[in-house]
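Coordinate inspection notes
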Amino acid sequence: MEYQVEKRQLKKDKIDYLEIFFDNGDFLPISSSEIVDISVNLYDELVLGQDYWNSFCSVVQSGFLKLKVAKKPKDIYCKPILYNLKEYNKDRVGYIKDRLCAGKDNVVFIRVFDFYNWHFTLYCKAESTFEKDCIILKFLPHQNKEYKSENHFILLPDIKKSIIEKIELDFENCEGIWIDKNEIVDMQIKLKDKLCGGSDDYSRVVDKGFIRIKFDKTLNSCRENGLFEDLSAGKKGNKQMESRLCGKGEIGLHDICNLYIKYEYAGYGVDRKECVEIPDARSKDELLKISEWEDENSQEFMPCYIGGYAEKQDDDSILICFGSTNKKYEDEYHLFEQCSIDKL
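Worth saying up front: this structure is predicted, and the values here are computed from it rather than measured.

Observations regarding the sheet that holds strand 19 (residues 256-263)
Taken in spatial order, the four strands of this open sheet run 13-12-19-20, and their pairing is antiparallel. Edge positions in the open sheet fall to strand 13 (176-180) and strand 20 (273-277), since each of these has one partner strand only. On average, each strand axis in the sheet is tilted by 20° relative to the strand beside it, whichever way the strands run. Both strand 12 (residues 164-171) and strand 19 contribute to a ladder of seven bridges, which runs antiparallel.

Quick look at the nonpolar core
One finds I110, L245 and L259 to be the most contacted residues of the largest nonpolar core, which totals 67 residues. Per element, the largest residue contribution to this core is five residues, and it comes from strand 19. If sequence neighbours within four positions are ignored, L245 has contacts with L169, F171, I213, F215, G252, L253, H254, I256, A310, I318 and I320. Membership of the second largest hydrophobic core comes to seven residues, among which are F27, C57, V59 and Y123.

A word on the pattern of salt bridges
If the charged atoms of two oppositely charged side chains come close together, the side chains can form a pair. In total, this model carries 17 salt bridges according to the counting rule given. Residues joined in a network through salt bridges with shared partners are K239, E242, K312 and D316.

Looking at helix 3 (residues 234-246)
Between its first and last C-alpha atoms helix 3 spans 19 Å; for 13 residues at 1.5 Å apiece the expected length is 18 Å, and the two agree. The complete set of buried residues in helix 3 reads G234, G237, N238, M241, E242, R244, L245 and C246. Among the residues trailing helix 3, G247 stands out with phi positive, at a value near 80°.

Conventions we followed
- Residues numbered from 1 in each chain as written.
- Predicted model: local features only at pLDDT ≥ 70, side-chain atom pairs only at ≥ 80, totals over all residues.
- Heavy atoms only, no water.
- Pairing = 2+ DSSP bridges.
- Helix = DSSP H or I, 4+ residues; strand = E, 2+ residues; numbered from the N terminus.
- Axes fitted to C-alpha atoms, helices over the stretch in contact; angles between N-to-C directions.
- Core = buried A, V, L, I, M, F, W, Y, C linked by side-chain atoms within 4.5 Å.
- Buried < 20%, exposed > 50% of the residue type's maximum accessible area, 1.4 Å probe, protein only.
- Contact = heavy atoms within 4.5 Å.
- Salt bridge = Lys/Arg side-chain N within 4 Å of Asp/Glu carboxyl O.
- Expected span 1.5 Å × (residues − 1).

Okay, here's the thing in structure tokens:
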């Protein structure tokens, strides 16, 4: 299926800092105060990123990055990783000039961070020159692909049980539970055709659907999880996870905000992973009303996030539904409204 997203407009005054990555894995941090100017034209097609969750990233077709490097720049939040760090520490300006302009090292990608520490990755091919105390990275065309559209696109397979190794249910409060493929009874996930530009490049977004799971108690003694309380072995561990999903009863609203998926991929040692976002099931009007209430009362409205509902089935499996297009969700949300929406 084809997924699209509008291309970002990269502006110098929106950049807090950036990192330049080389083909040997080295990287250099650059402060916003060292950025004189930047302009990029992007290819239409996105690529699979090298970050941990394999986000979808932009590729530069042409443009430039102009830097005036300082000896001790302000607002650099991480230390460089370099094979010859002593030379960098001895003469930062000379080192960066030589590293970029000597033509011996290839820049693979540049990661740009905004003031919220969200990043945007630019894969590129560049040649550098030194002119009037400035280093100018000129981005070069290196793909025989289109670049004139206002939108990015990428072609990706559907998410099906047959290609999944395991899934982490990621909750809004940063807890998480890993589910083995063999614990997935059934799943039908419909994704939006528009990608989301989140904190780490682009990702796919759930429109609606469900996952039905049945916990294997024998896995609990070694199950990866991020629950605040240690997971017990056997049936007791199953009860803990059921309670986290369904609440105290057999059915409840859940706060799963992401699916972290690890796929069965190309053999040993080669991983492909993906973070799929689950939007809040409440409408834009409801969320706006909640936001206004929070501003007026200087406190956070609870629950912070609703991803859908989870219900325990007669066979001890759990049906996890996403979105609000379901009568059972509406029934559960009505109960929630009785308890909390009166605040609004």
